[in-house]
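As a plain string of letters, each chain reads:
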Amino acid sequence: MNKKTILWVSRHAMTPDQLADMARIMRVTTDNLDIIQHGDTVRDVAELTHYLHKVAAACVVLPHQMLADFWARANTVGITVYVAENLRNRDESGNFVFKHAGWYEVQECTYRRRRA
């Protein structure tokens, strides 16, 4: 079975649920899914472009304007970009806990603004 490599842009490690769900999407086992994690704060999307020729897809946690820029760059080289949906609840101690609800493929992303 072919291995797939995914770019993961987040300060946090991918959860087991996120990993299993991405393996399902990529049609490989979790053992055949390699993750390249960019865990540093992204100051400019140009920091990420060198990964685009090394991966089959990208899963990102970015502010909307950076997501739009990254999506445009990834789209030009045929890389699919995914964002996670997480459900937020509180545990017995009142702390927030997040549960993976699914990956969404970013099919189009723009960012326009106007001074208010």
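Residues numbered from 1 in each chain as written. Predicted model: local features only at pLDDT ≥ 70, side-chain atom pairs only at ≥ 80, totals over all residues. Heavy atoms only, no water.

Visitor: So what exactly am I meant to see when it comes to the nonpolar core here?
Guide: Across soluble globular proteins, nonpolar side chains show a tendency to be buried alongside one another. Of all hydrophobic cores here, the largest spans 21 residues; its most connected members are Val60, Leu62, Phe70 and Val81. Listing elements by their share of this core, those giving two or more residues are strand E1 (4-9), strand E3 (57-60) and helix H2 (64-76). Per-element accounting of this core gives the leading share, six residues, to H2. Other than its neighbours up to four places away in sequence, Phe70 contacts Leu7, Val45, Leu48, Leu52, Ala58, Val60, Leu62 and Val81. If you look at the next biggest cluster of nonpolar residues, it comprises 12 residues, including Ile6, Met22, Met26 and Cys59. (Core = buried A, V, L, I, M, F, W, Y, C linked by side-chain atoms within 4.5 Å. Buried < 20%, exposed > 50% of the residue type's maximum accessible area, 1.4 Å probe, protein only. Helix = DSSP H or I, 4+ residues; strand = E, 2+ residues; numbered from the N terminus. Contact = heavy atoms within 4.5 Å.)

Visitor: Is there a simple way to think about H2 in this case?
Guide: Given 3.6 residues per turn, any residue in an α-helix points the same way as the ones three and four places further on. The end-to-end C-alpha separation of H2 is 19 Å, in line with the 18 Å expected for 13 residues at 1.5 Å each. Turning to H2, its buried residues are Met66, Leu67, Ala68, Phe70, Trp71 and Ala74. Against E1, E3 and strand E4 (80-90) lie the buried residues of H2. Gly78 lies just past H2 and shows a positive phi near 75°. (Expected span 1.5 Å × (residues − 1).)

Visitor: How should the layout of surface pockets be read in this particular structure?
Guide: Gaps left between atoms show up when a probe the size of a water molecule is rolled over them. By volume, the largest pocket is sized at about 490 Å³. Contributing to the lining of the largest pocket are 23 residues, with Trp8, Ser10, Arg11, His12 and Val61 lying nearest its centre. Of all the secondary structure elements, the ones that give two or more residues to the lining of the largest pocket are E1, E4 and strand E5 (96-105). When its residues are assigned to classes, the lining of the largest pocket shows 12 nonpolar, eight polar and three charged. (1 Å grid on protein atoms, 1.4 Å probe; cavity = no way out; pocket = protein on both sides within 12 Å on 5 of 7 lines; lining within 4 Å. Points joined across faces, edges and corners; volume = space filled by probe spheres on them. Nonpolar A, V, L, I, M, F, W, Y, C, P; charged D, E, K, R; others polar.)

Visitor: Can you walk me through the state of the cysteines in this structure?
Guide: Such a bond, covalent and formed between the sulfur atoms of two cysteines, is termed a disulfide. Going through the model one piece at a time under the given rule, you end up with zero disulfides. Sulfur of Cys59: no disulfide; nearest cysteine sulfur belongs to Cys109 and is 15 Å away. Using a relative accessible area of 0% as the deciding quantity, one classes Cys59 as buried. Relative accessible area serves as the criterion here: at 8%, Cys109 is assigned to the buried category. (Disulfide = S-S within 2.5 Å.)

Visitor: Where do I start with the side chain of His38 in this structure?
Guide: Within the element layout of this structure, His38 appears in strand E2 (residues 33-38). Among all residues touching His38, those that are not within four sequence positions of it are Leu7, Trp8, Val9, Ser10, Glu47, Leu48 and Tyr51.

Visitor: Where do I start with the pattern of salt bridges in this structure?
Guide: For side chains bearing opposite charge, pairing can occur when the charged atoms are close. Under the counting rule described, the total for this entry stands at four salt bridges. With a closest N to O distance of 2.8 Å, Arg24 and Asp21 form a salt bridge. With Arg24 and Asp21 both in helix H1 (residues 16-26) and three residues apart, the pair spans about one turn of that helix. Arg24 sits in the exposed class, given a relative accessible area of 56%. Take Asp21: its relative accessible area is 14%, and that puts it in the buried class. Ionic pairing is found between Arg73 and Asp69, a salt bridge with its closest N-O pair at 2.9 Å. (Salt bridge = Lys/Arg side-chain N within 4 Å of Asp/Glu carboxyl O.)

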